[in-house]
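Chain residues, written in single-letter form:
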Amino acid sequence: MLFFFVCLLRVVVANDLSFVEPSSCGTNEYFDISQLTCRSCAKGAHRSDDGFGCACAPNAKLTSELDNPSSISCTTCPSGEASSRDGRNCVKCDPLTAPYNGETCTPCANLNTVSVDRSLDGELASESRCEACASGTRSNGERCVPCQPLPSAQSPCQCPVQLDGSCFLFEWLIPTADTVIPDIDGIQSALFSRLFRASVARCEFLQNLTACQVLGNLCVLTDYSRGTRRDACTEYERLLQGATSENLPQLYYEENAALVLDQTTLNGRYSFGDSVDKPGSLEFVVAVYASNGSLLRYGDFIDELQLCSDRFPVLQSAFQVGTTYENECQYKVPLTGDLLFFDVFLRDGTDGKLFEVPVLNENYLDGGQAVNTNPDRSAWQLVRRLFLVDSQSGVTTTGAKPRQVTVADRIEIDVRLTSNSGQIYPPLIKIHYEKISISASNPTPSVPVSFRVVYTMDIGSFNTGMSVAIGIMSAIMFLYAILQIHGWRRRAGVDTLDFTTISTFFFLFCGSLSSSFFWILVGSGVYWLLFFKLQNDVVVFLPTRDQEDIFVALLIVALVLKLLRLVHVVWKQSRVDIFLIDWEKPRRSHDDVESATRSTVSIWRTYFVANEWNELQTMRKISATFQFVVALLLLKVVGFEDVCRRNPHSYFSLARDDYPASFSRILRFGMASSLLLVVALCQWIFFAFVYERFVEDKIRQFVDLCSVANISVFLLEEPVFGYYIHGRSVHGRADTNMKEMNLQLAREVDDLCGKRGLVADTDLQTFELALTHRLRQHYDRIMLPVQEAAVSRRGQRTTGGASGGGDGGGGTSSSRIDPRTLQAYGSMNKFLSAFLDHALKDHDFIVRDKILLERLLGIEFNDPMDKAYLYNDEGHHFDSTLFYGNEMTLLLADILVFAFVDMLATDFVLAAFIAYLVGLFFALLRDSLGRRNLAKKTLVDERFLI
């Protein structure tokens, strides 16, 4: 615990800085470019002119050999003496040319003279005096220089080792054979050769601050990787353990990465507004260093780290809290340019404190392993400094073009939200470098670069809640599917567990489970849409693209299950048993009353009813075309789509200078599904309460048509369960002329005849059927010749279809009907007519109402043993054999297909087009299969189903 506390204290102290400008340092303070703070000069010293060091007073001399400003010591010169030009000695002033003015020797008045206080051999002169420059030379204020530029010459002084323009003792320098210089195409880097050994010597023995910065910069250029030999990072680590550690920049985090990134020492709170105490933007501060170690600038930045240019408002939006930002471009690799290094800080709150932002260099190697690409954060090595473009270290010969340029091709700033409202964890800068080779064949290459700002939060609790909801709903839907299959087994008359039962249970479970998943998805999408867009204080960030995986996976599962259920619905509806009962009786001949000759009954009424039923098979309560058109108008024209962007705004349209943030798949699903459901609900309300009431109700019109045509519909959805539409005319016949038909209808209007219902004095014409097994067996025996004839026709088409046989009319049905089929049709018509007239002793029925629980569960509790049951059906449930009665399944399938395509293409227009085509495909499939089944079961020629 003590070790943990010490580590945590180091992190807090190292990162809790006070933001000061260099100009705010006092007259006896200098700005420390390593620690980015003000430090006091030693007694007797004052701040230098540039503000980054200390200097002695004009009447004092320097008595320290170190370059470290805090180590400078000064000694006041005796009275009448001033500091020499090098500041390390005291010297008298020549009373004639440079008299003493109380602090220092008076500057030379003649512009062509220089102040001299040493002889040519370096000995200190007795007096500081002004001497005139020789002919052909001039004074530059400090020394005499040639009047015209001349080639440089060797320095006349004796220097043990001259490196990077400075003299060094042999023992100060690392042996050349021990140094590790980056190798570029077999030739060492000229930059490292010039600066590495010199910066180590200056930093270690002279405590030169800029030299220490140079050494740190060289380590940054090698991706912070530390080897076994004396490279830049190894020497940096060695000096960091010595007396010069405070002069070195802090490059590495010694603490565990997880400890650094999970600390909650940041006090600032953020909001989606922009108040004084809760800003809406992250305020980053950057310290920019040159390759020579000097501090170039220190302050706020917007576009310092973005290689891709853009408009200022767009670049500024990168740090707006909650806005997922991405700026990509094809960057032309520069061959020249300044080499700059950046330390990034975050201003924490309104008190001016700075928090140093950690950097994750993905190119960093530890023992040859890229540990910073490991998902385990505890293995990461965090650092503090970065660069963007390096076109200097790839130069192998001074003055030549670089052979290699290093570019930061991928930069990402990750901002994580804590559990406290509005507070964030320390941001993390992830950076990846790409090394580009420069060759004669590719002298000006380009590389794709990107800059991203990603806002994340721990959505573990959300995923847990979603997983719990999925588990609970799956269990409930499983139990519901068991209940459904129990009811189905009663209706199918199945007593054993066979393949049909298992497959039916599977499809029922798929449909129920898909619906539950859909509503979970809608709830999740609406949750993020409302809570993210409508919040003021930051409480949630949107899930990242990776965090959306569970949402996307659930969407795909829901779509697959729903399509399986839809296929099952089409298959079931295309196999129903349907028979049209013709109640019309032939009329006796008027010429011979006593004869048994009877006139024929017209088949056109049956054809007409069958054709109307065929038209109803794919009719829906809502229009898919209208559905998608209105949704696209709202999304694309009104601008609801722009609300789905990863930013805190709820704008319906983007201004010219607004940054078009990327879209969130969760938000797009929540918005699109909500709009589609609302449009569908409005259509359903209009259809149910306006259109069907005041325009036309095709389902009830079909029932009325059956009564007028004197045709009843006997429909079996399952072997012993189905529906009955009573169409027996109250007038006894329907084959009549227009005059008589109008008279019949007028009698009904005037209530001069019986009611249309199956039961006397009732108008109810629709019923649910629960048949006995004996009645079903009898039904199958009558229809057996029809099935045998159908098999025979299929065999004939298979063997002789290529010989040119056909119906001669271009139709798909044979022009000849098997006599057995005609006989079976007549027998079935008589049998069902007798059954409904209670004329069969062994086959009778009881009309009754379902109890409430039976209606709610869709299950019949009573098994028909001796008599069948006809349940009063006031809600025309026979539409379950049509698309009309499966609107929810079709609607959810449309929305899921729409959402899936949009998830892949991020295009609402394409999604609507594909969803419409998928719906059209199922409608055409249902129409084709249903038409064939209707022609087969009712014996109506398919050519009449138009």
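Residues numbered from 1 in each chain as written. Predicted model: local features only at pLDDT ≥ 70, side-chain atom pairs only at ≥ 80, totals over all residues. Heavy atoms only, no water.

Caption draft 1: View of the overall build of the chain. In terms of helices and strands, the chain carries 19 helices and 34 strands. Relative to the compact-globule value of 30 Å for 946 residues, the chain shows a C-alpha radius of gyration of 46 Å, a clear excess of over 25%. Dimensions along the principal axes, computed over C-alpha positions, put the chain at roughly 165 × 60 × 50 Å. The burial tally for the chain puts 48% of its 946 residues in the buried class. Nonlocal contacts in the chain, meaning residues at least 24 apart in sequence, comprise 68% of its contacts between residues at least 6 apart. (Helix = DSSP H or I, 4+ residues; strand = E, 2+ residues; numbered from the N terminus. Rg over C-alpha atoms; globule rule 2.2 N^0.38 Å. Buried < 20%, exposed > 50% of the residue type's maximum accessible area, 1.4 Å probe, protein only. Contact = heavy atoms within 4.5 Å.)

Caption draft 2: Focus on helix α18 (residues 887-905). For α18, with 19 residues, the first-to-last C-alpha span of 27 Å sits near the 27 Å given by 1.5 Å per residue. When you tally the buried positions in α18, you get 15 out of 19 residues, the bulk of the element. Phi turns positive, to about 50°, at Thr-906, one or two residues after α18. (Expected span 1.5 Å × (residues − 1).)

Caption draft 3: View of the packing of helix α3 (residues 209-221) against helix α4 (residues 232-240). Two elements in contact, α3 and α4, have axes whose closest approach is 8 Å; the angle formed by their N-to-C orientations is 135°. By the angle between their axes, α3 is oblique relative to α4. In the packing of α3 onto α4, the handedness of the crossing is left-handed. Contact with α3, carried on its side by Leu-215, Leu-218 and Cys-219, involves Ala-232, Cys-233, Glu-235, Tyr-236 and Leu-239 of α4 and no other residues of that element. (Axes fitted to C-alpha atoms, helices over the stretch in contact; angles between N-to-C directions. Parallel < 35°, antiparallel > 145°, perpendicular 65-115°, else oblique. Left-handed = near helix turned anticlockwise from the far one by under 90°.)

Caption draft 4: Summary view of unusual backbone geometry. Backbone geometry places His-876, a non-glycine residue, at a positive phi of 40°. Here the phi dihedral of Thr-906 falls at roughly 50°; this positive angle occurs in a residue that is not glycine. Mapping Thr-906 onto the fold places it in the loop between α18 and α19 (908-938). Among the residues examined, Thr-906 registers a relative accessible area of 39% and is labelled partly exposed.

Caption draft 5: Focus on the nonpolar core. Ranked by internal contacts, the top residues of the largest apolar core, which has 167 residues, are Leu-282 and Phe-898. Sorting elements by how many residues they give to this core places helix α8 (residues 499-533) first, with 13 residues. Beyond its immediate stretch of four places on either side in the chain, Phe-898 contacts Phe-628, Leu-635, Ala-672, Leu-676, Phe-908, Ala-911, Ala-912 and Ala-915. By size, the runner-up hydrophobic cluster in this structure holds 29 residues, among which are Val-576, Tyr-607, Leu-882 and Ala-935. (Core = buried A, V, L, I, M, F, W, Y, C linked by side-chain atoms within 4.5 Å.)

Caption draft 6: A look at the sheet that holds strand β11 (residues 124-132). If you trace the 4 strands from one edge of the open sheet to the other, you get β8-β9-β11-β10, paired in mixed fashion. Each having just a single partner strand, β8 (81-83) and β10 (113-118) make up the two edges of the open sheet. On average, adjacent strands in this sheet sit at an angle of 40° to one another, irrespective of strand direction. Inspection of the sheet shows strand β9 (residues 90-93) paired to β11 by 2 bridges, in the parallel sense. Counterpart to Cys-93 in the pairing with β11 is Ser-128. (Pairing = 2+ DSSP bridges.)

Caption draft 7: Just the sheet that holds strand β33 (residues 844-848), in detail. The mixed open sheet is built from 6 strands, whose spatial order is β29-β30-β31-β32-β34-β33. The sheet is open, and its two edges are formed by β29 (577-582) and β33, each paired on a single side. Between one strand axis and the next, the sheet turns by 25° as a mean value, whatever way the strands run. Across 5 bridges, the pairing between strand β30 (residues 711-718) and strand β31 (residues 721-725) is antiparallel. Counted as the bridge partner of Val-713 is Ile-725 from β31.

Caption draft 8: Spatial organisation of the pattern of salt bridges. Inspection of the entire model under this criterion finds 40 salt bridges. Across the salt bridge formed by Arg-238 and Glu-235, the nearest N and O atoms sit 2.7 Å from each other. With Arg-238 and Glu-235 both in helix α4, this residue pair falls 3 residues apart, about one helical turn. Take Arg-238: its relative accessible area is 33%, and that puts it in the partly exposed class. (Salt bridge = Lys/Arg side-chain N within 4 Å of Asp/Glu carboxyl O.)

Caption draft 9: Summary view of helix α12 (residues 665-694). Compared with the 44 Å implied by 1.5 Å per residue over 30 residues, the 41 Å span of α12 between its first and last C-alpha is a close match. Bending of α12 peaks at approximately 40° at the position of Phe-687. (Bend = angle between axes of the 7 residues up to and from the residue.)

Caption draft 10: Quick look at the environment of Pro-719. Along the chain, Pro-719 falls in the loop between β30 and β31. A relative accessible area of 32% places Pro-719 in the partly exposed class. Along the sequence, Pro-719 and Phe-31 sit 688 residues apart, while their C-alpha atoms lie 93 Å from each other. When residues no more than four places from it in sequence are discounted, the contact partners of Pro-719 are Arg-491, Ala-492 and Arg-776.

Caption draft 11: Quick peek at the packing of aromatic side chains. Applying the stated rule across the entire model yields 43 aromatic pairs. Pairing Phe-387 with Tyr-433 gives two aromatic rings, centres 4.4 Å apart and planes at 15°, and the pair type is stacked. Of the two residues, Phe-387 is situated in strand β24 (residues 385-387) and Tyr-433 in strand β27 (residues 428-437); the sequence distance between them amounts to 46 residues. Grouping residues by exposure puts Phe-387 and Tyr-433 together as buried. Taken together, the aromatic side chains of Phe-284, Phe-319, Tyr-325, Phe-451 and Tyr-659 make up a single cluster linked through ring pairs. Against the face of Phe-721 rests Arg-491, its NZ or CZ located 3.7 Å from the ring centre. In this structure, Arg-668 is placed above the aromatic ring of Phe-663, and the distance from its NZ or CZ to the ring centre is 4.6 Å. (Phe/Tyr/Trp six-rings, centres within 6.5 Å; stacked < 30°, edge-to-face > 60°. Lys NZ or Arg CZ within 6 Å of the ring centre and 35° of its normal.)

Caption draft 12: Quick look at a nonpolar patch on the surface. On the surface, a cluster of nonpolar side chains totalling about 800 Å² of accessible area is made up of Leu-681, Trp-684, Ile-685, Phe-686, Phe-689, Val-690, Phe-694 and Val-695. By the secondary structure assignment, Phe-686 is in helix α12. Judged by relative accessible area, which is 46%, Phe-686 ranks as partly exposed. (Patch = residues over 30% accessible without salt bridge, like charges linked within 9 Å, V, L, I, M, F, W, Y side chains within 5 Å. Areas by Shrake-Rupley, 256 points an atom, 1.4 Å probe, with all protein chains shown as cover.)

Caption draft 13: Spatial organisation of the packing of α8 against α12. α12 packs onto α8 with a crossing angle of 110° between their chain directions and a minimal axis gap of 8 Å. Considering the angle they form, α8 stands roughly perpendicular to α12. Where α8 crosses over α12, the handedness of that crossing is left-handed. Contacts between α8 and α12 involve Phe-518, Trp-519, Leu-521, Val-522, Ser-524, Gly-525, Val-526, Trp-528, Leu-529 and Lys-533 from the former and Ile-666, Leu-667, Phe-669, Gly-670, Met-671, Ser-673, Ser-674 and Leu-677 from the latter. When grouped by side-chain class, the residues that make up the contact of α8 with α12 number 12 nonpolar, 5 polar and 1 charged. (Nonpolar A, V, L, I, M, F, W, Y, C, P; charged D, E, K, R; others polar.)

Caption draft 14: Just the state of the cysteines, in detail. Considering all chains together, one arrives at 9 disulfides under this definition. A sulfur-sulfur distance of 2.0 Å marks the disulfide that ties Cys-25 to Cys-38. In this structure, the disulfide formed by Cys-25 and Cys-38 twists by about -80° around the S-S bond and is classed as left-handed. With a gap of 13 residues between them, Cys-25 in the loop between β1 (17-18) and β2 (29-32) and Cys-38 in strand β3 (residues 37-40) connect regions that are remote in the sequence. Cys-25 gets classed as buried once you look at its relative accessible area, which sits at 6%. (Disulfide = S-S within 2.5 Å.)

Caption draft 15: Main features of the confidence of the model for the chain. For the chain, the average pLDDT comes to 85, and 91% of its residues sit at 70 or higher. A low-confidence stretch, residues 1-16 (pLDDT under 50), is modelled with 20 contacts involving residues beyond four sequence positions or located in other chains. Low confidence marks residues 594-598, where pLDDT is under 50. Its contacts with residues over four positions away, or in another chain, come to 6 contacts. (pLDDT = per-residue confidence, 0-100.)

Caption draft 16: Inspection of the side chain of Gln-765 at higher detail. Of note, Gln-765 is situated in the loop between α14 (738-749) and β32 (766-770). On the basis of relative accessibility, which here comes to 7%, the residue Gln-765 falls in the buried class. A distance of 2.4 Å separates polar atoms of two side chains, one belonging to Gln-765 and the other to Ser-707. (Polar contact = N/O pair within 3.5 Å; in protein donor to acceptor, adjacent residues only side chain to side chain.)

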